[in-house]
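Okay, here's what each chain looks like letter by letter:
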Amino acid sequence: AQKITQTQPGMFVQEKEAVTLDCTYDTSDPSYGLFWYKQPSSGEMIFLIYQGSYDQQNATEGRYSLNFQKARKSANLVISASQLGDSAMYFCAMRANYGGSQGNLIFGKGTKLSVKP
Amino acid sequence: NAGVTQTPKFQVLKTGQSMTLQCAQDMNHEYMSWYRQDPGMGLRLIHYSVGAGITDQGEVPNGYNVSRSTTEDFPLRLLSAAPSQTSVYFCASSYRASPYNEQFFGPGTRLTVL
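Caption draft 1: Quick peek at the overall build of chain A. A count of helices and strands for chain A gives zero helices and 12 strands. Counting from the amino terminus, chain A carries its helices and strands in the arrangement β-β-β-β-β-β-β-β-β-β-β-β. Scaling as 2.2 N^0.38, a compact globule of 117 residues should have a C-alpha radius of gyration of about 13 Å, and chain A matches this with 14 Å. C-alpha atoms of chain A, sized along the principal axes, occupy 45 × 30 × 20 Å. Of all intrachain contacts in chain A linking residues separated by at least 6 positions in sequence, the fraction that spans at least 24 positions is 55%.

Caption draft 2: Here's a closer look at the overall build of chain B. When you go through chain B residue by residue, the secondary structure sums to zero helices and 11 strands. Listing each helix as α and each strand as β along chain B from the N terminus yields β-β-β-β-β-β-β-β-β-β-β. Relative to a compact globule of 114 residues, whose C-alpha radius of gyration would be 13 Å, chain B shows 13 Å and is just as compact. By principal-axis analysis of the C-alpha atoms, chain B measures approximately 40 × 30 × 25 Å. For chain B, the residues scored as buried account for 48% of the 114 residues in total. Long-range pairs, those at least 24 residues apart, make up 54% of the contacts in chain B between residues at least 6 apart in sequence. Carbon and sulfur atoms make up 50% of the accessible area of chain B, which totals about 5200 Å².

Caption draft 3: Expanded view of unusual backbone geometry. The omega torsion across Thr-7 of chain B and Pro-8 of chain B is -5°, close enough to zero to call that bond cis. Position of Pro-8 of chain B relative to the elements: it lies in the loop between β1 (4–7) and β2 (10–13). Of note, the phi angle at Lys-73 of chain A is positive, near 55°, even though the residue is not glycine. Turning to its location among the elements, Lys-73 of chain A is positioned in the loop between β8 (64–69) and β9 (74–79). The class of Lys-73 of chain A is partly exposed, set by a relative accessible area of 29%.

Caption draft 4: Highlighting the environment of Trp-36 of chain A. Residue and element names in this part refer to chain A. Of note, Trp-36 is situated in strand β5 (residues 32–39). A relative accessible area of 0% places Trp-36 in the buried class. Placed 71 residues apart in sequence, Trp-36 and Phe-107 show a C-alpha to C-alpha distance of 9.4 Å. Among the polar contacts listed, one links the side chain of Trp-36 to the backbone oxygen of Ala-75, at a separation of 3.0 Å.

Caption draft 5: Up close: the interface of chain A and chain B. Listed per partner, the contact involves 26 residues of chain A and 21 residues of chain B. Together chain A and chain B conceal approximately 1800 Å² of surface at their shared face, both sides included; 55% is due to carbon and sulfur atoms. Our enumeration of links across chain A and chain B arrives at zero salt bridges. Along the contact surface separating chain A from chain B lie six residue pairs in polar contact (both at pLDDT 80 or more).

Caption draft 6: Region of interest: the sheet that holds β1 of chain B. Residue and element names in this part refer to chain B. Read across the sheet, four strands follow the order β1-β3-β8-β7 without closing on themselves; strand pairing throughout is antiparallel. Strands with a single pairing partner mark the edges of an open sheet, and in this sheet they are β1 and β7 (64–66). Taken pair by pair, the neighbouring strands of this sheet meet at an average axis angle of 20°, ignoring direction. With three bridges connecting them, β7 and strand β8 (residues 76–78) associate as antiparallel partners. Paired with Tyr-64 across the bridge in β8 is Leu-78.

Caption draft 7: Quick look at the pattern of salt bridges. A full pass over the atoms with the stated rule returns five salt bridges over all chains. Its salt-bridge partner being Arg-63 of chain A, residue Asp-86 of chain A comes within 2.8 Å of it at the nearest N-O pair. Here Arg-63 of chain A lies in the loop between β7 (60–61) and β8 and Asp-86 of chain A lies in the loop between β9 and β10 (88–96), a separation of 23 residues in the sequence. For Arg-63 of chain A, a relative accessible area of 23% corresponds to the partly exposed category. What you see here is one network of salt bridges that share partners, running through Arg-36, Asp-38 and Arg-44 of chain B.

Rules used throughout
- Residues numbered from 1 in each chain as written.
- Chains lettered and ligands numbered in written order.
- Predicted model: local features only at pLDDT ≥ 70, side-chain atom pairs only at ≥ 80, totals over all residues.
- Heavy atoms only, no water.
- Helix = DSSP H or I, 4+ residues; strand = E, 2+ residues; numbered from the N terminus.
- Rg over C-alpha atoms; globule rule 2.2 N^0.38 Å.
- Contact = heavy atoms within 4.5 Å.
- Buried < 20%, exposed > 50% of the residue type's maximum accessible area, 1.4 Å probe, protein only.
- Areas by Shrake-Rupley, 256 points an atom, 1.4 Å probe, with all protein chains shown as cover.
- Polar contact = N/O pair within 3.5 Å; in protein donor to acceptor, adjacent residues only side chain to side chain.
- Buried area = accessible area lost by both parts, 1.4 Å probe.
- Salt bridge = Lys/Arg side-chain N within 4 Å of Asp/Glu carboxyl O.
- Pairing = 2+ DSSP bridges.
- Axes fitted to C-alpha atoms, helices over the stretch in contact; angles between N-to-C directions.

Printed below as a string of structure tokens:
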């Protein structure tokens, strides 16, 4: 079965420091994509970063990077130089084609990040 | 491009009423989907479509119907609303049903069933 696990319900980080949000996944499909979304208090879902299962390099997008460890099935999000505007809910998600799922997104339960001034 | 649009933003229904949540995208995406978000549960897939005329069930399809007559539109119908359907509903789309395409989300509809 496909599954995403986020073990940190909530985290605090000091402004300007780096923070790592954990995500582990489970799939038997060799072709999959891993995604991180941000949901601020206003409610919209904002796509942050993507990593493909065959990508050799870790993905980076500005202050966001994805620490992809395929053997450990982990895809942690690293936010560098945290800002107050980073306070939000963060979701890890996966798309695979296993069992005819047609590439549907499976989400973890999320991590609530609070940035302290 | 407007991206993915959803209407209405908020809705209150009484138990037993029916309604349709609208979703449209102007990016010519093949894949569209509906999710519901409940506190502490993340997002769960209700129904999805890989192209016009093709729909299928997701994880939590009971009580909902969908159709996809055009590439752009993917409405979600609540047949007989129940309090358990109180939730935030998101529509999303992607270029294809591929592990390598990100999904773009609409702004959401907050539904309350009394």
